[in-house]
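Fold and geometry: a report
Letter by letter, the chains look like this.
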Amino acid sequence: MSRLLTTEKGKTIDAVWSGTWVAERLGVRLEEAGEPGLPRLDELLGLALRRNPKRAHLLVSQVLGKHVPQSPRAVYAAGHGLGERVRALLGDEAAAAVVLGYAETATGLGHCVADGLGAAPYLHSTRRPVPGVEPAGGFEEAHSHATSHLLLPEDPKLLAGSGPLVLVDDEFSTGNTVLNTIRDLHARHPRTHYVVVALVDMRSPADRERLTAFAAEIGARVDLIALASGTVHLPEGVLAKGQALVEEYERQAEGAQAAGAQAAGAQAPGAPAAGAQAPGAPAPGAPAPGVSDGASATPAAPVGRVVLDWPAGVPDGGRHGFTPEHRARLEAALPALARQLADALGAEPGRVLVLGNEELMYAPLRLARALEESGAAAEVRFSTTTRSPVLAVDDPGYAIRSRLVFPAHDAPADGPGDRYAYNVAGAGFDTVVAVADTHGDTGALHAPDGLLARLAPHAGRVLLALVPSYAPDSSSGVSVSSDRREPIMPEPILPEPLRGPAFSSYAPEDCGWLLQDLSGAALEAPTEEREEAIQAGGAHYAESLPVEYQPSPQYQELYRSALTASAARIARAVGTVTETVLAERSPSPVLVSLARAGTPVGVLMRRWARARHGLELPHYAVSIVRGRGIDPNALRWLAAHHDPADVVFVDGWTGKGAITRELAAALEAHREAGGPGFNPEIVVLADPGSCVSTYGTREDFLIPSACLNSTVSGLISRTVLRSDLVGPADFHGAKFYRELAGADVSTGFIDTVAARFDEVAEAVGAEVKELLAADRTPTWEGWAAVERISEEYGIHDVNLVKPGVGETTRVLLRRVPWKILAQRGAGADLDHVRLLAEQRGVPVEEVDGLPYTCVGLIHPRFTRGATGADGKAVTSK
């Protein structure tokens, strides 16, 4: 399958369409809408494959500047031309329009549309929470510190107007994302006119009718503008066939990688580079997959560095808004920036690739275009790194010929993970200019496996070009602080910890709660109501409490059976983690549990130290809130009463490590604000996510205390942080559910586990001896699984994926679950999960190759009338 292409010099050539490989194997084809004057779909799109249970094929744009290196002139023209069409459509309304682009793929495209529109300010959603900046909204789980799509305008009034809102995405496939966005923003600031802009409109007739009905429902006009339109024809069985093809290539890639490693650097023709994480491998007789990292026989290129003279006060992109005034100042500065870049490249840079970084697309694109127009290089191409994993196959008829894999280098809030650069390896670039903002200029960028090292074998030279990360001005009205936590308050003197029986059902010596009692406040809300408010961006999860789950007699019996069966196992893990702490951290540690999942573990660790060593260890419980950090006043109290070097933070288990990262960031901010330093290395009973180095076990098994809420945690609610209840000198709050005393099993849980200490002591001693000599460096191996699951199930938000038995239980008890993934053959550890799922009408899907015993999936984009990614309405009981 081929098509005619015209080169810049007017020569017509016969080229293979970059969707041919997929089309021939799967029968996928692009069907034109037949609208006159529009480009052909196969001129704009190629095809690739990815591992995804909802859609195996991927439409790969030729003019987006993301996956395929393209002339920056062509990339800019595509978006700018769409903006000009929007301006013609709006007429006089254009002066009041605002443009909103989607992270990460459409951040640059949206900016170009805004340029074409003229006087419109621009904002794009972001996956990078900014310390001290409160979000104005979001499209996924806006409360979380690892949000998928946040809106963080520096000017809070940017989205509050009534003029037309222009929403820009690279592809309009079903329209779900755009419709959900409009619904969310329309509820906050109603408008009469919305314009949706995309490079391609691939909706089905049913999706088109849905947009028409939606516009009528909200009483607004919704227009759509695209470069081209049509549909994707998918033959029956294409999904299973595509998945099998991806699995086959990935499996053979693993074999090729192993063979390459054994060859000690020798590389056979067509095989992945030795040591590479190959993206795909050839089936018999098929072409080789693309090389995926810097391992190559080619000597590594030298890496240079230039800090660009970016105009002061001009943002590096639209994360916080980009005004017409910013645009004018950047336009004036671009010729000088191009000269500075050309000087850094030298006299003969040859073929140059300017490579942007995830959301940072517009600034690198404008630099690339300015360099292209200057004539300083023989040829300039532009593309951007991405979070999205795609199969690479080195075939002219396939859109992703190669990929480079490297770790994230901008300290992402949702944790470490792989990033990708496509169609760079093997493309013959003489020079690669990697553009990053100063926030991303970290050690990971310069590491032996970092982006610069991965690029070096595939170019004659690599140049790192840095632009300053823009920080919103605190005088603008947006909520900004110099760090992400409240400052340490010197006065007044904080109260003593709360203790049982006045607060909690634990014995007073077992735990002191560095909290304030909010038992008299009305904080509970129905689960579905809370979920809708949280995901709509109107509330933070710590501002309210879920209604406490009241277990049925059947569920209570499951809890008792689980406790009986696992008490010795829990006791062994308690002993192991406690002995490790005593040996490595401090002979007299101060245990500080993270309320409330960590509190039963802290009580048990205290009991072990007393039973085995006669130690009476202090134990306190403190509040930590994702996105807002650990209670700074609790830290201040601890520093005033104990040596911070002796403080050991304790939690129940790790999932994907969100709280592990949150604690480290909070303690670093506390230190930078002038507070004493605390050791940020958390210790846990179970570490199935491999996120910490001190743990009782790394197995993912049922910890019975995860089965229940307050009735196994001293009758204490989860913690609350709300400005009208918690002042700057107050501890975070919580409720004591005295009325649930009849169902309380908190002390019984502790006593049952502690009764098994003697019988496991010998095994604990042997296990600790082995652990102390072992390499326990966290691998974060669970994180890759979470990212894969997020993509495979069409969620595209790792925050809605909760791995492990404990986190899955929390999803079922506190959130709106969508489905549960269970390791095939998992036994009694999941009895309570199956029962809860049955009670809430949630399917349990058994899967192979799951690194956790189970994974809970929160309902994506939940509203009380929502449907999930499977098109089915949520059910709850």
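About the cut-offs
- Here the residue numbers are simple positions, counted from 1 along each chain's written sequence.
- Local features are withheld for residues below a pLDDT of 70 in this predicted model, meaning they are given only at 70 or higher, and side-chain atom pairs are given and counted only at 80 or more; totals for whole chains, interfaces and linings count all residues.
- In computing side-chain values, all of the structure's heavy atoms are included and hydrogens and water are not.
- Strands pair, by our definition, only if DSSP identifies at least two bridges between them.
- For the purposes of this entry, the term helix denotes a DSSP run of H or I that reaches at least four residues, the term strand denotes a run of E that reaches at least two, and both are numbered from the N terminus.
- Only the contacting stretch of a helix is used when fitting its axis, a line to C-alpha atoms as for every element, and angles between N-to-C directions run 0 to 180 degrees.
- Definition used for salt bridges: Asp or Glu carboxyl oxygen within 4 Å of a side-chain nitrogen of Lys or Arg.
- Remark: exposure states derive from per-residue accessible area (1.4 Å probe, protein chains only) relative to the maximum for the residue type, with buried under 20%, exposed over 50%, and partly exposed in between.
- To form a nonpolar core, buried Ala, Val, Leu, Ile, Met, Phe, Trp, Tyr and Cys residues must be joined to one another through side-chain atoms within 4.5 Å.
- Whether two residues touch is decided by their heavy atoms; if any such pair falls within 4.5 Å, the residues are in contact.
- The pLDDT value expresses, per residue, how confident the predictor is, ranging between 0 and 100.
- Ring pairs are drawn from Phe, Tyr and Trp, using the six-membered ring of Trp, whenever the two centres fall within 6.5 Å, and their geometry is named by plane angle: stacked under 30 degrees, edge-to-face over 60, tilted for the rest.
- Comment: the charge-over-ring label is applied if NZ (Lys) or CZ (Arg) is within 6 Å of the ring centre and within 35 degrees of the ring normal.
- An angle below 35 degrees is treated as roughly parallel, one above 145 as roughly antiparallel, one from 65 to 115 as roughly perpendicular, and anything else as oblique.
- In a left-handed crossing the near helix is turned counterclockwise from the far helix by less than a right angle, and in a right-handed crossing that turn is clockwise.
- Polarity classes work like this: nonpolar for Ala, Val, Leu, Ile, Met, Phe, Trp, Tyr, Cys and Pro, charged for Asp, Glu, Lys and Arg, and polar for all others, with Gly in that last group.
- Handedness of a crossover is defined as follows: with both strands directed away from the viewer, a clockwise route from the first strand across the helix to the second makes it right-handed.
- Under this definition, polar contacts are N or O atom pairs within 3.5 Å; protein pairs additionally need one hydrogen-donor-capable and one acceptor-capable atom, and for neighbouring residues in sequence, both atoms have to be side-chain atoms.

Quick look at the sheet that holds strand β15 (residues 379-385) now. The strand order β13-β19-β18-β14-β15 describes an open sheet built from 5 strands, whose pairing is parallel. Across the chains shown, the open sheet's two edge strands, defined by having one partner strand only, are β13 (303-307) and β15. This sheet shows a mean twist of 20 degrees between the axes of neighbouring strands, independent of strand direction. As paired strands, strand β14 (residues 351-357) and β15 are joined by 7 bridges and run parallel to one another. When the sheet's bridge partners are listed, Val 352 is paired in β15 with Val 380.

Where side chains of opposite charge bring their charged atoms close, a pairing between them can arise. Enumeration over the complete set of coordinates arrives at 41 salt bridges. Arg 305 serves as the salt-bridge partner of Asp 441, at 2.9 Å between the closest nitrogen and oxygen. Residue Asp 441 is located in the loop between β18 (431-437) and α10 (443-446), and its partner Arg 305 is located in strand β13; the two are separated by 136 residues in the primary sequence. Given the relative accessible area of 22%, Asp 441 is considered partly exposed. For Arg 305, a relative accessible area of 49% translates into the label partly exposed. A salt bridge links Arg 387 to Glu 358, with the nearest nitrogen and oxygen atoms 3.2 Å apart.

This brings us to the nonpolar core. Grouped burial of nonpolar side chains is what soluble globular proteins tend to show. Membership of the largest hydrophobic core comes to 91 residues, with the highest contact counts inside it found for Leu 49, Leu 117, Val 166, Leu 341, Val 354, Tyr 398 and Val 433. It is helix α8 (residues 324-345) that contributes the most residues to this core, 9 residues altogether. Ignoring sequence-local partners within four residues, the contact set of Leu 49 consists of Trp 21, Val 22, Leu 26, Ala 56, His 57, Gly 242, Leu 245, Val 246, Val 390, Leu 391 and Tyr 398. Within the second largest apolar cluster, 71 residues are counted, among which are Ile 570, Leu 830, Leu 835 and Ala 837.

To continue, consider the environment of Leu 158. Tracing the backbone shows Leu 158 in the loop between β9 (150-151) and β10 (165-172). When near neighbours in sequence (up to four residues on either side) are disregarded, Leu 158 contacts Val 98, Pro 121, Leu 123, Pro 153, Arg 191 and Gly 321.

This brings us to the pairing of strand β5 (residues 57-61). Counting buried residues in β5 gives 5 out of 5 residues, a clear majority hidden from the surface. Both faces of β5 are covered, namely the face carrying His 57, Leu 59 and Ser 61 and the face carrying Leu 58 and Val 60. Where strand β4 (residues 45-49) meets β5, 5 bridges bridge the pair, whose relative direction is antiparallel. Residue pairing across strands places Leu 47 opposite Leu 59, the latter belonging to β5.

Attention shifts here to the confidence of the model for the chain. Where the model shows low pLDDT, its predicted coordinates should not be examined in detail. Chain-level statistics for the chain give a pLDDT mean of 83 and a share of 84% at 70 or above. Throughout residues 1-14 the model reports pLDDT below 50, and contacts reaching past four residues in sequence, or to other chains, amount to 25 contacts. Taken as a whole, residues 474-492 scores under 50 in pLDDT and shows 49 contacts with residues more than four places along the chain or in a different chain.

Enumeration over the complete set of coordinates arrives at 10 aromatic pairs. Between Phe 649 and Phe 678, the ring centres sit 6.1 Å apart and the planes meet at 65 degrees, which makes this aromatic pair edge-to-face. Of this pair, Phe 649 sits in strand β28 (residues 647-653) while Phe 678 sits in the loop between α16 (658-672) and β29 (683-686); the two residues are 29 residues apart in sequence, bridging distant segments of the chain. The buried category is assigned to Phe 649, whose relative accessible area is 0%. Judged by relative accessible area, Phe 678 falls into the buried class, the value being 8%. In this arrangement the basic side chain of Arg 612 is found over the ring face of Trp 608, its NZ or CZ atom lying 5.9 Å from the centre. If you follow Lys 819 out to its NZ or CZ, it ends over the ring of Trp 818, 4.7 Å from the centre.

With that settled, the discussion passes to the packing of helix α3 (residues 72-90) against helix α4 (residues 107-117). Viewed as axis vectors pointing N to C, α3 and α4 meet at an angle of 45 degrees, and their least axial separation amounts to 6 Å. As the angle between them shows, α3 and α4 are arranged oblique. Considering the relative orientation of α3 and α4, their crossing is right-handed. Contacts from Tyr 76, Gly 79, His 80, Leu 82, Gly 83, Glu 84, Val 86, Arg 87 and Leu 90 of α3 reach α4 at Leu 109, Cys 112, Val 113, Asp 115, Gly 116 and Leu 117. Taken together, the residues of the contact of α3 with α4 break down into 8 nonpolar, 4 polar and 3 charged.

Let us now look at the sheet that holds strand β24 (residues 590-594). Pairing is parallel in the open sheet, where 6 strands are placed in the order β20-β25-β24-β28-β29-β30. Each edge of the sheet is formed by a strand with only one pairing partner; in this case those strands are β20 (512-513) and β30 (694-697). In this structure, β20 lies alongside strand β25 (residues 619-622), joined through 2 bridges in parallel fashion. Within β25, the residue paired with Trp 513 across the bridge is Ala 621. Contacts from helix α13 (residues 553-584) reach β28, β29 and β30, with the element oriented near 160 degrees to β30. Its contacts with the sheet place helix α15 (residues 632-641) against β24, β25 and β28, and it is angled at close to 160 degrees to β25.

Turning our eyes to something else, we now look at the pairing of β14. Counting buried positions along β14 gives 6 out of 7 residues, so the element sits mostly inside the fold. Read from β14 through helix α9 (residues 362-374) to β15, the crossover connection turns out right-handed.

Where helix α14 (residues 599-613) contacts helix α18 (residues 757-773), the two axes come as close as 12 Å, and the packing angle between them is 85 degrees. Between α14 and α18, the interaxial angle falls into the category roughly perpendicular. Mapping the contact onto sequence places Leu 604, Arg 607, Trp 608, Ala 611 and Arg 612 in α14 and Phe 757, Asp 758, Val 760, Ala 761 and Val 764 in α18. Class assignment for the residues of the contact of α14 with α18 results in 7 nonpolar, no polar and 3 charged.

Attention now goes to the side chain of Ser 402. If you trace the backbone, Ser 402 turns up in the loop between β15 and β16 (403-407). Among the polar contacts made by the side chain of Ser 402, one reaches the main-chain carbonyl oxygen of Ala 425 at a distance of 2.8 Å.

Note the cis peptide between Ala 103 and Glu 104, where omega equals -5 degrees. The linkage connecting Ala 595 with the following residue, Arg 596, adopts the cis geometry, with an omega of 5 degrees. Tracing the backbone shows Arg 596 in the loop between β24 and α14. In this structure, Glu 358 takes a positive phi of about 50 degrees despite not being glycine. Take Glu 358: it is sitting in the loop between β14 and α9. The backbone of Ser 504 shows a phi angle near 95 degrees, a positive value even though the residue is not glycine. Inspection of the secondary structure assignment puts Ser 504 in the loop between β19 (461-467) and β20.

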